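Take a look at the letters that make up each chain.
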Amino acid sequence: MKTMIIHLFTVATLLAVVLMTPSSALAQSAAATYKAKCAGCHGADGKGSTAPGKALGAHDFGSDEVTKMSDADLIQIVTAGKNKMPAYGKSLKDTEIKDLVAYIRTLGK
Ligand code: HEC
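These numbers were taken from a predicted model, which means no experiment stands behind them. (Residues numbered from 1 in each chain as written. Predicted model: local features only at pLDDT ≥ 70, side-chain atom pairs only at ≥ 80, totals over all residues.)

A. Representation of the packing of helix α5 (residues 71–80) against helix α6 (residues 94–107) within the structure. In the contact formed by α5 and α6, the axes pass within 10 Å of each other and the chain directions differ by 120 degrees. Considered as vectors, α5 and α6 are oriented oblique to each other. Note on packing geometry: the crossing formed by α5 with α6 is right-handed. Contacts between α5 and α6 pair D71, L74, I75, V78 and T79 from the former with I97, K98, L100, V101 and I104 from the latter. Of the residues in the contact of α5 with α6, the class split is seven nonpolar, one polar and two charged. (Axes fitted to C-alpha atoms, helices over the stretch in contact; angles between N-to-C directions. Helix = DSSP H or I, 4+ residues; strand = E, 2+ residues; numbered from the N terminus. Parallel < 35°, antiparallel > 145°, perpendicular 65-115°, else oblique. Left-handed = near helix turned anticlockwise from the far one by under 90°. Contact = placed C-beta atoms within 7 Å. Nonpolar A, V, L, I, M, F, W, Y, C, P; charged D, E, K, R; others polar.)

B. View of the site of the ligand. The environment of the ligand is made up of 22 residues, and the closest members are C38, C41, H59, N83 and M85. Looking at the shell around the ligand, the elements with two or more residues in it are α2 (25–42), α3 (51–56), α5 and α6. Element by element, the count of residues in the shell around the ligand is highest for α2, at five residues. (Near = placed C-beta within 6 Å.)

C. Spatial organisation of unusual backbone geometry. Even without being a glycine, N83 presents a positive backbone phi close to 45 degrees. Counting through the fold element by element, N83 comes out in the loop between α5 and α6.

Next comes the structure, spelled out in structure tokens:
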């Protein structure tokens, strides 16, 4: 019985932690998603200077070419893909893509 109560307590604590995660954690999760799914081509610094980034033609997120594109343009490219850029509309939620684009803007500075 005692272990059962401890177990319930653990589950309740975990739930509370998940539910109370502040929205500032969002930025952190965009950074983690970027590292996991995007940095391989775009580089941790967003310059696209990785071997696949260079071979496939990724642009520096800080270049004029990218900074003059609107958030809507970038969201569209991440969602639907473009040339060698894979589409993420099926594997990521709209809100995740929006957060990623906001994160990319911070890399370009
Ligand atoms: C397989 C390599 C690859 C991966 C992985 C990848 N990209 Fe790209 N991405 C590209 C290439 C290549 C382009 C340039 C497409 C073009 O304009 O021809 C691009 C273009 C973009 C652009 C438009 C601006 C630019 O640099 O031309 C954005 C924004 C972008 N990627 C975001 C992301 C995000 C966010 C992820 C992760 C969810 C991601 N990419 C993962 C290769 C990749």
